[in-house]
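Structural overview
Listed below, chain by chain, are the residues.
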Amino acid sequence: MITVIGATGHVGGNLARTLLDNGQDVRAIGRNPHALAALSARGADTHSFDLTDTPRLADTLVGSETVFAMVPSDPFTEHYDAHQQILGESICSAIASSGVPTVVALSSLGADREDAPGVIGSLHRQEQRLRAIHGVRVMALRPVSFFENLLAAVDQIMEDGNHVDSILPDLPIPMIAAADVADAAATAFADAGWNGFSTRDLLGERDLSYIEATRILGGALGFEGATYTPLPDDAMAAALIASGMSGEYARQYVAMTRAFNSGELTDPVPRTPANSTPTTFEAFAASLVAAGQPS
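As the structure is a prediction and not an experimental result, all values here were calculated from the model. (Residues numbered from 1 in each chain as written. Predicted model: local features only at pLDDT ≥ 70, side-chain atom pairs only at ≥ 80, totals over all residues. Heavy atoms only, no water.)

Some remarks on the packing of aromatic side chains
Aromatic ring pairs: the centre-centre distance and the angle between the two ring planes describe each pair. What counts here: Stacked, tilted and edge-to-face are the three classes applied to pairs of Phe, Tyr and Trp rings, where Trp contributes its six-membered ring and a pair requires centres within 6.5 Å; stacked means planes under 30 degrees apart, edge-to-face means over 60, and tilted covers the rest. Under the scheme used here, helices are H or I runs from DSSP no shorter than 4 residues and strands are E runs no shorter than 2 residues, and both carry numbers assigned from the N terminus. Partly exposed residues are those whose accessible area sits between 20% and 50% of the maximum for their type, while under 20% is buried and over 50% is exposed, using a 1.4 Å probe and protein chains only. A ring has a charge above it when a Lys NZ or an Arg CZ is no more than 6 Å from the ring centre and no more than 35 degrees off the ring normal.
The tally for this structure, following the rule as stated, stands at six aromatic pairs. Between Y80 and Y249, the ring centres sit 5.3 Å apart and the planes meet at 65°, which makes this aromatic pair edge-to-face. You can see Y80 sitting in helix 4 (residues 80-98) and its partner Y249 sitting in helix 10 (residues 247-262), a full 169 residues away along the chain. Taken individually, Y80 and Y249 each receive the classification buried, so the pair is uniform in this respect. When the ring of Y210 is compared with that of Y228, the centres are 5.4 Å apart and the planes differ by 75°; the resulting orientation is edge-to-face. One end of the pair, Y210, is in helix 8 (residues 210-221); the other, Y228, is in strand 12 (residues 227-230), and 18 residues separate them in sequence. Of note, R131 hangs over the ring of F197, and the distance from its end group to the ring centre comes to 4.1 Å. Over the aromatic face of W194 sits the side chain of R137, whose NZ or CZ is 3.9 Å from the ring centroid.

So, the pattern of salt bridges
So the rule is basically this: Here, a salt bridge means any Lys or Arg side-chain nitrogen found within 4 Å of an Asp or Glu carboxyl oxygen.
A full pass over the atoms with the stated rule returns eleven salt bridges. Of the charged contacts, one joins R27 and D45 as a salt bridge, the two residues approaching to 3.1 Å between their closest N and O atoms. With a gap of 18 residues between them, R27 in strand 2 (residues 26-29) and D45 in strand 3 (residues 45-47) connect regions that are remote in the sequence. A salt bridge links E282 to R206, with the shortest nitrogen-to-oxygen separation between them at 2.9 Å. In this pair, E282 sits in helix 11 (residues 281-290) while R206 sits in the loop between strand 10 (197-202) and strand 11 (207-208), placing the two residues 76 residues apart along the sequence. With a relative accessible area of 35%, E282 lands in the partly exposed category. It is possible to trace a salt-bridge network through shared partners that takes in E205, R206, E212 and E282.

Points about the side chain of S107
Selection rule: Pairing of N or O atoms within 3.5 Å defines a polar contact, subject to two protein rules: one partner must be a possible hydrogen donor and the other a possible acceptor, and residues neighboring in sequence count only if both atoms are side-chain atoms. What makes two residues a contact is simply this: any of their non-hydrogen atoms within 4.5 Å.
Take S107: it is sitting in the loop between strand 5 (102-106) and helix 5 (120-131). A distance of 2.6 Å separates a polar atom in the side chain of S107 from a polar atom in the side chain of E127. Discounting residues that sit within four places of it in the chain, S107 has contacts with L123, E127, A140, L141, R142 and P143.

Describing the pairing of strand 6 (residues 137-143)
Note the cut-off: Being paired, for any two strands, means DSSP has found at least two bridges between them. Crossover handedness is defined here as right-handed if the route from the first strand over the helix to the second strand goes clockwise, with the strands pointing away from the viewer.
In terms of residue burial, strand 6 counts as a mostly covered element, since seven of its seven residues are buried. The two faces of strand 6 match: R137, M139, L141 and P143 on one face and V138, A140 and R142 on the other face are all buried. As defined by bridge partners, strand 5 adjoins strand 6 across five bridges and the pair is classed as parallel. What sits directly across from T102, in strand 6, is R137. Following the backbone out of strand 5, through helix 5 and into the adjacent parallel strand 6, one traces a crossover that is right-handed.

As for helix 3 (residues 54-61)
Basically, it comes down to this: Read the arc as the range of directions from the helix axis to the C-beta atoms.
Within helix 3, burial applies to L57, A58, T60 and L61. The arc that holds every buried residue of helix 3, seen down its axis, measures 160°, which confines them to one face. Of the exposed residues in helix 3, the ones pointing more than 90 degrees away from its buried face are P55 and D59. In this structure, the buried residues of helix 3 make contact with strand 1 (2-5), strand 2, strand 3, strand 4 (66-69) and helix 4. Where helix 3 ends, the next residue or the one after it, G63, has phi of about 90°, a positive value.

This is the structure in structure tokens:
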């Protein structure tokens, strides 16, 4: 039995479906009833509840050989860090008391740093909690930004042909498909060759700039003239807040993009065959069109 926390998200959903395709017994924990129903129809044992309910989470984990552990991010909560801490502590307490022997955790590039910037800081602290659990082997996957984070750009391009963010326009940065992160998790489940606390960086297929990413998205969506406009940090934070996100999350988001812009996140991790993954951004953009241009 493999339990997937966050089984209705981009990574967890891909992982749960892959495991089911492979005939694996899957216990799926998630927030989206529709997505859970689809997994249940495919044979998953599904559960939906608040992850801060530590006793219930621990009971649900009992009997699992492996757990995929991720801390759901809520950019709309006013106290982002405090909420991440509550969820992270609950997940770690449940793992510790359930007897689960193996955990594959979703983290982020840069989470090794004590001064991890912005939203990555909460993932650094979660790694430290996981590292402290006695008798459990943990693999922390450290991907870069997901292709799926650019779904907001799809909405922007379809509305007025322009994508805005606070990433420098011509800076090539690594990005990755959530499906490739899920595949890395499935590989880690099946690999008996690691112990203790291990990590794996995941940099995606190649580095590309937001200008290039916007051009590829626009072309796939039928907007050949799609443009990318970089915003100053304060303007980007204001845009996020105007969309309903909390001020704390907005500040942490732009702190993260500053770290990408400076190279401090990516320069220490050179690209290698081991940390590169197969899915191209072009394939991701084409998949959006095939799925009906989701927002």
